[in-house]
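Structural description and commentary
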2 protein chains.
Amino acid sequence: MSSLRTLRSLSSAHRFISRTSPAWHLSRRLNSTVSRDPMTGELTALPDIELSRLEIIQTKQPKQTPNASNLVFGHTFTDHMLTIPWSANSGWGNPKIQPYGPISIEPSATVLHYAQELFEGLKAYRHPGGKVTLFRPDMNMKRMNTSAKRVALPTFDGDALVELMKRLIQIDKHWIPDQPGYSLYIRPTLIGTQPALGVAPPNQALLFVICSPVGPYYPEGFKPIALYGTTEYSRAAPGGTGAFKLGANYAPGVVAQKEAAQKGYAQNLWLHGPDHHITEVGTMNTFVVFKHENGVTELVTPPLDGMILPGITRDSTLALARDHASGKVILEGLPEPSKFVVNERPITIKEVKEAAQRGSLVEFFGTGTAAVISPVNKIGYLGEDIHIPTGPDGMGPVSRPIWKQLVGIQVGNIPSPWSVVVTE
Amino acid sequence: MSSLRTLRSLSSAHRFISRTSPAWHLSRRLNSTVSRDPMTGELTALPDIELSRLEIIQTKQPKQTPNASNLVFGHTFTDHMLTIPWSANSGWGNPKIQPYGPISIEPSATVLHYAQELFEGLKAYRHPGGKVTLFRPDMNMKRMNTSAKRVALPTFDGDALVELMKRLIQIDKHWIPDQPGYSLYIRPTLIGTQPALGVAPPNQALLFVICSPVGPYYPEGFKPIALYGTTEYSRAAPGGTGAFKLGANYAPGVVAQKEAAQKGYAQNLWLHGPDHHITEVGTMNTFVVFKHENGVTELVTPPLDGMILPGITRDSTLALARDHASGKVILEGLPEPSKFVVNERPITIKEVKEAAQRGSLVEFFGTGTAAVISPVNKIGYLGEDIHIPTGPDGMGPVSRPIWKQLVGIQVGNIPSPWSVVVTE
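Residues numbered from 1 in each chain as written. Chains lettered and ligands numbered in written order. Predicted model: local features only at pLDDT ≥ 70, side-chain atom pairs only at ≥ 80, totals over all residues. Heavy atoms only, no water.

Okay, the layout of surface pockets next. Picture a little ball the size of a water molecule; that probe, rolled over the atoms, points out where space is still empty. Put simply, the second largest pocket is a space of about 1000 Å³. Taken together, 48 residues make up the lining of the second largest pocket; nearest its centre are Val199 of chain A together with Phe73, Tyr217, Thr283 and Ala370 of chain B. Looking at the lining of the second largest pocket, the elements with two or more residues in it are strand E9 (183-192), strand E10 (204-214), helix H6 (254-262), strand E12 (267-272), strand E14 (284-291), helix H7 (312-325) and strand E17 (361-368) of chain B. Taken together, the residues of the lining of the second largest pocket break down into 24 nonpolar, 17 polar and seven charged. (1 Å grid on protein atoms, 1.4 Å probe; cavity = no way out; pocket = protein on both sides within 12 Å on 5 of 7 lines; lining within 4 Å. Points joined across faces, edges and corners; volume = space filled by probe spheres on them. Helix = DSSP H or I, 4+ residues; strand = E, 2+ residues; numbered from the N terminus. Nonpolar A, V, L, I, M, F, W, Y, C, P; charged D, E, K, R; others polar.)

Written as structure tokens, this is what we have:
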């Protein structure tokens, strides 16, 4: 009875138990077998995602891999996908790698009505010699769990999902085009599938992972983009969902993007509140570089105040820049550490505009998984254009060394703990 | 050539053409047959939703209709559903009434990743003698089109969709429980189905309508609810999507509702901004009644400032109250017209709290399709409870006459142009 009592006390709090605690290890061991107290029928520790329960159904009709030069972002998918069902009664079910194909969804499923959905995006890189790696997948798993909590979807063991994604990528690794700048875009997605119209935490969910071979964002070298400063719509607000990678943040942004395009700009820049604070660029984080009168170069990005997505390229850019500023890892080409500071602080469009007029604006760029770094050369703001310097290759003096380091790590030229091996 | 030229000029603006214009009638006539200029291949007027193209596939396995007393909101669905596909190239396709069942969706469909989705909710009422009516379906169609524009989903002819919904309801009308207070809840839904991961207006979409028999919201008479004043999360913000019936507004509210329940309150009250303005109650609009020192009773609801859903019960409540205040249609039980005013104006929780303390707070209630009117007896706010008067039957002196009139129209006891006949 004493082990039953221990189990019962784990109850639904199970998934929030610290992974170093004995209770966590106990519950892990019992995961696959115990979900109800046999004496009382009461729910005990529910199964988490388990690699050992993986079932693999290989496709019998492998598709022809596409000609890399014809790839359009997110239009082509590999032969297989990973699915893992969840229910409130029995926890996470058997992971399954199966042929890529349509999902059968009840028309009353909450994902179709109430946007009970979230996603992640990361890339698998193929290195010369055939080694395949992922870039910081632990960060995606952490954010995916944070997003899940925000919309009352189930959380899970991120390490187990990384292991399962590795299996999926191993099976479809011949889909990663064998050319520099190409990669496999991985899209983990979690949706609420309860077939009922009440607005409530779902009692059924489905996690799935699909993979899409993608080309370089700038196949012909960097091309700085023009942004339209959006003040008519807002992407996020205090107490809202801007800091979470939820489906709900994306559809509402399409009209802002469409209107920016109609006005002749490539993307929109989200300006928040009466002071028009700079928040994000389309679906990327934003960085600005100033050169101050005292000769110090400042790299700035808006702080994680609840309205900014905690981007993994954002985090990596800050980490590399801070390592340089502290003298820990010097990046060739950046201003010397004593003349370089890195700040997460609010920035208004007014500050950018005045810096541009004064000649102290050095760079403006977006960061994200798709483009890594995306330089900006112009911002349309209330009928005027703010012009932003760009280097001869499109990049600026701060973004270029950071981009080189980041991409060097991603493609395996620079060893780093951020690079996680999928297959040697 | 001249008719071709006319058609070409209609182009994609087609759906926004005034319905009284000759161009609209021309495009209607040609809807089903013309979608490309045969000379240039250029897109011309695309087909809208057309009743004449309806295809009906009756189920071969009708389900047993449920025992009405066991119904849980939105868990039971009728035998059939309506589906209408759309594509950017060919416009709206053939409407189909078919057996209710799962939908096949590509795992890359934008609805699963970016919340490209919206819905409506309305009820079909069965009257003694078998007549079936809908309540103000034109309002749902108007709002559905407004929502579609906000997330770049396709708009459509709302009248045609109402006609198609009537056909669906006629086929499944035996599912409307034959008991007072019961109805058939109709859920039109529109989702983006383009199988591609780019964040953009979808080039494929699916409109579907499902029907669920529902019981009275308060089977044992009115039961006033306690609200928790939510200041930790926000439902809507300026420039956001609060005024549109989008999926994106709902999943983010589940945690606020869950936390209200954990604190012992039935629902949450969304308090916006630093002044804690009253906006909505859970998924309902909010009304407050004050009795001022001069003897005037004031019915107030927050204005449609872009953050408030333009609820149909809200609009109907305002219309009935204003007709009374102007002396046009007197509702028995309401204060006499000279002592009754109706206002759409901002209200803060402070105003409500002070009125409660002073004894000038008369009522606080929510309005929505599900409950019609939902009286509130308590609001938890920053650790204190604001107590709100309720009448012996749960309702108050202003909500009761309005509720009686509204429900009288809905169930067919009071003739009204708001009641639209589905079948005699």
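Picking up where we left off.
This part takes up the environment of Gly366 of chain A. Residues and elements named next belong to chain A. Positionally, Gly366 belongs in strand E17 (residues 361-368). Residue class for Gly366 comes out buried when judged on its relative accessible area of 0%. C-alpha of Gly366 to C-alpha of Gln410: the two residues are 44 residues apart in sequence and 18 Å apart in space. Dropping the residues within four chain positions of it, Gly366 is found in contact with Met284, Asn285, Val372, Ile373 and Ser374. (Buried < 20%, exposed > 50% of the residue type's maximum accessible area, 1.4 Å probe, protein only. Contact = heavy atoms within 4.5 Å.)

Before going further, it helps to spend a moment on the environment of Ile210 of chain B. Relative to the assigned elements, Ile210 of chain B resides in strand E10. Considered as a pair, Ile210 of chain B and Met139 of chain B are 71 residues apart in the sequence and their alpha carbons are 18 Å apart. Filtering out sequence-adjacent residues up to four positions away, Ile210 of chain B remains in contact with Pro107, Ser108 and His113 of chain A together with Phe77, Met81, Tyr100, Tyr185, Ile186 and Arg187 of chain B.

Turning our attention to the relation of the copies chain A and chain B. Taken as rigid bodies, chain A and chain B are interconverted by a rotation of 180° and an axial shift of 0.0 Å, the fit giving an RMSD of 0.0 Å. The symmetry that links the two subunits is that of a two-fold axis. Most of the interface of chain A is mirrored in chain B: 100% of its interface residues are interface residues there too. (Least-squares fit on C-alpha atoms with pLDDT ≥ 70 in both.)

So, on to the pattern of salt bridges. All names here are of chain A. All chains considered together, the criterion is met by 26 salt bridges over all chains. For Arg136, the salt bridge is made with Asp315, and the minimal N-O distance between the two is 2.9 Å. Taken as a pair, Arg136 in the loop between strand E8 (132-135) and helix H4 (137-150) and Asp315 in helix H7 (residues 312-325) lie far apart in primary sequence, 179 residues in all. A cluster of three or more residues bridged by salt bridges with shared partners is formed by Glu298, Arg345 and Glu351. (Salt bridge = Lys/Arg side-chain N within 4 Å of Asp/Glu carboxyl O.)

Counted at 1.5 Å a residue, the expected span for helix H5 (residues 158-171) of chain B with its 14 residues is 20 Å, and the 20 Å between its end C-alpha atoms agrees. If you check the start of H5 of chain B, you find a side-chain oxygen 3.0 Å away from the backbone N of Asp159 of chain B, and it comes from Asp157 of chain B. (Expected span 1.5 Å × (residues − 1). Polar contact = N/O pair within 3.5 Å; in protein donor to acceptor, adjacent residues only side chain to side chain.)

Turning our attention to the confidence of the model for chain A. All names here are of chain A. Chain-level pLDDT for chain A is 90 on average; 90% of the residues reach the 70-or-more range. Below pLDDT 50 for its whole length, residues 1-34 participates in 54 contacts with residues either more than four positions away or in separate chains. Overall fold confidence for the complex sits at a pTM of 0.90, while the interface term, ipTM, reaches 0.90. (pLDDT = per-residue confidence, 0-100.)

The next subject is the interface of chain A and chain B. In this complex, chain A contributes 56 residues to the contact, which on the side of chain B involves 57 residues. Here chain A packs against chain B, burying approximately 4500 Å² in sum over the two surfaces, 65% of which is carbon and sulfur. If you sort the residues of chain A by the area they bury against chain B, Pro107, Leu112 and Leu197 of chain A come out on top, with a joint share of 13%. Taken together, the connections running from chain A to chain B amount to zero salt bridges. Here chain A and chain B share 21 residue pairs in polar contact (both at pLDDT 80 or more) between them. Elements that contribute at least two residues to the side of chain A that touches chain B include exactly strand E5 (103-105), helix H3 (110-114), strand E6 (117-119), H4, strand E9 (183-192), strand E10 (204-214) and helix H6 (254-262) of chain A. (Buried area = accessible area lost by both parts, 1.4 Å probe.)

Looking now at the packing of aromatic side chains. All told, the structure shown has 18 aromatic pairs over all chains when counted by the stated rule. Members of the aromatic cluster, joined through ring pairs, are Tyr114 of chain A together with Phe119 and Tyr250 of chain B. (Phe/Tyr/Trp six-rings, centres within 6.5 Å; stacked < 30°, edge-to-face > 60°.)

Side chains on a regular strand alternate between the two faces of the sheet. Residues and elements named next belong to chain A. Strand E11 (residues 225-230) sits mainly inside the fold: six of its six residues count as buried. Of the two faces of E11, both are covered, the one formed by Ile225, Leu227 and Gly229 as well as the one formed by Ala226, Tyr228 and Thr230. Judged from the four bridges that link them, E11 and strand E18 (residues 372-381) form a sheet pairing that is parallel. From the neighbouring strand, Leu227 faces E18, where its bridge partner is Ile379. (Pairing = 2+ DSSP bridges.)

All names here are of chain B. Within the element layout of this structure, Arg235 appears in the loop between strand E11 (225-230) and H6. What makes Arg235 buried here is its relative accessible area of 14%. Polar side-chain contacts of Arg235 include one of 2.7 Å to the backbone oxygen of Gly242. Non-local contacts of Arg235, meaning those with residues more than four positions away in its chain, are made with Gly242, Asn249, Trp270, Glu280, Gly282, Met307, Ile308 and Leu309.

Our next topic: helix H4 (residues 137-150) of chain B. Residues and elements named next belong to chain B. For H4, with 14 residues, the first-to-last C-alpha span of 20 Å sits near the 20 Å given by 1.5 Å per residue. Taken across its 14 residues, H4 has ten buried, putting it largely inside the fold. Those residues of H4 that fall on the buried side of the exposure criterion are Pro137, Met139, Asn140, Met141, Arg143, Met144, Asn145, Ser147, Ala148 and Arg150. Ala152, located one to two residues past H4, shows a positive phi value of around 60°.

Bringing the nonpolar core into the picture now. Leu161, Ile186 and Leu207 of chain A together with Leu161, Ile186 and Leu207 of chain B are the most contacted members of the largest nonpolar core, which totals 83 residues. For this core, the leading source of residues is helix H5 (residues 158-171) of chain A, giving eight residues. Sequence-distant contacts of Leu207 of chain A, defined by excluding residues within four places in its chain, comprise Ile49, Leu82, Thr83, Ile84, Trp92, Met144, Phe156, Leu161, Thr189 and Leu190 of chain A. Residues Phe135, Ala371, Ile386 and Ile409 of chain B belong to the second largest nonpolar core, which totals 49 residues. (Core = buried A, V, L, I, M, F, W, Y, C linked by side-chain atoms within 4.5 Å.)

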